[in-house]
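Secondary and tertiary structure notes
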Amino acid sequence: MLPRLMAVLLLSGSLLAGLGDATAAKAAAQTGACVPPGGWSDAAARPLNAAGLLRRAAASPAVLLGERHDNADHHRWQLHSLAALHALNPDLAVGMEMFPRSVQPVLDRWSTGQLTEAELLRETNWPKVWGYDARFYLPILHFARMNRLPVVALNVDRGLVSRTARDGWAAVPANEREGVGDPAPPPASYTERLRQVMAAHGPGERRSGSFERFVEAQSVWDRAMAERIAETHRQTNRTVVAILGQGHIEGRDGVPHQLADLGVRNSVVLLPWDEDRPCAELDGRIADAVYGLGESEAPAETPRPRLGVMLEPGPDGVRVRSVTEGSVAAAAGLTAGDLVVAAAGAPVREASDLTTVVQRQAPGTWLPLTVKREQGTAELVAKFPVSPTVE
């Protein structure tokens, strides 16, 4: 009863009513934001009527809610959106990128109230498999359990993605593909976006075919999640609300593209829109709708240590996609294209290996890193400040 009441309140409040077209436009003019906080806009920054948007989304086979994994406001927005959709359509399933298919039995027991939080995190091996702060996701998981909504593991073992990036999909035997089918060829827009990510990796990398394998690995990853979404919808007739990284859904590339190939062509892509995100990125196709977020509140407690990097699968390690300016990683000399192969002497084979080591670092400690570059192997030291920062 309480979750339904909360959802009704959300519907009657800011999330469903939004700001109204005129009010939203006025707020945008006052704040200078292309998407005013507290309002929905389309992909060209035109204000939307929230009631109509959410009704359409709740009636669709799949709603894809993007996120930046380390942004608390994104996860709050996901929870509020999930509650609003549930008030309109109680027959939902919650799909989560954070879990591989192998832990589905654990999620089934969670959804039916058979596990505690600690048991869920332990039995899904959360620190290694995902690694981001579980407190970001537990409210969503509790909402699903309180309403007895199925929680669906969308992901595969990260090793499968890394192996594809290293050797190519054709080199993975059929019986080792975790049931994932061949992905649809990615659209040109997706390939170009991934090419920009790899632009800093050097011409030698591209000649070796690593870019093609990187695109293939991303497509396999997208395909795996799309298959679970499509399968869940067809077997249960529920609308699947998927919680996943925004890079998998922006521009209707990635997962939406693979869903369309699987016959699910009317999924709805929704994104949170940070106040400082460039308006030029609202290109008319990035999503079905975006929700404006205001300035983030400073964390109330000491944040966990962060390197300040975006990572992607690489051959025999994890590759640095980008480095945040002013971060611990930048000060250590990490650059885009570096392949991290060891941290504190322990091998790094996937992103969770590095994340786990970093999050164990106490303030003021130094973390040795081994990276491979075109020029050879380099030994770097990441020096964590006495008072951790959040970059």
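Summary of the structure given here. Because the structure is a prediction, the values reported are computed rather than measured.

1. Quick look at the packing of helix α5 (residues 72-88) against helix α9 (residues 138-146)
Packing of α5 against α9 leaves a shortest axis separation of 9 Å and a crossing angle of 15°. Considering their axes alone, α5 and α9 lie roughly parallel with respect to each other. Considering only the axes of α5 and α9, their crossing is right-handed. Touching His75, Gln78, Leu79, Leu82, Ala83 and His86 of α5 are Pro139, Ile140 and Phe143, all from α9. Residues belonging to the contact of α5 with α9 are distributed by class as follows: 6 nonpolar, 3 polar and no charged.

2. Focus on the pairing of strand β2 (residues 62-67)
The element β2 is largely enclosed, with a buried count of 6 among its 6 residues. Going residue by residue along β2, you find Ala62, Leu64 and Gly66 tucked away on one face and Val63, Leu65 and Glu67 tucked away on the opposite face as well. Note that β2 and strand β5 (residues 239-245) share 6 bridges and pair parallel. Note on β5: the bridge partner recorded for valine 63 is valine 241. When β2 meets strand β6 (residues 268-273), the two strands line up parallel, connected through 3 bridges. Bridged to valine 63 within β6 is valine 268.

Reading guide: rules and limits
- Residues numbered from 1 in each chain as written.
- Predicted model: local features only at pLDDT ≥ 70, side-chain atom pairs only at ≥ 80, totals over all residues.
- Heavy atoms only, no water.
- Axes fitted to C-alpha atoms, helices over the stretch in contact; angles between N-to-C directions.
- Helix = DSSP H or I, 4+ residues; strand = E, 2+ residues; numbered from the N terminus.
- Parallel < 35°, antiparallel > 145°, perpendicular 65-115°, else oblique.
- Left-handed = near helix turned anticlockwise from the far one by under 90°.
- Contact = heavy atoms within 4.5 Å.
- Nonpolar A, V, L, I, M, F, W, Y, C, P; charged D, E, K, R; others polar.
- Buried < 20%, exposed > 50% of the residue type's maximum accessible area, 1.4 Å probe, protein only.
- Pairing = 2+ DSSP bridges.

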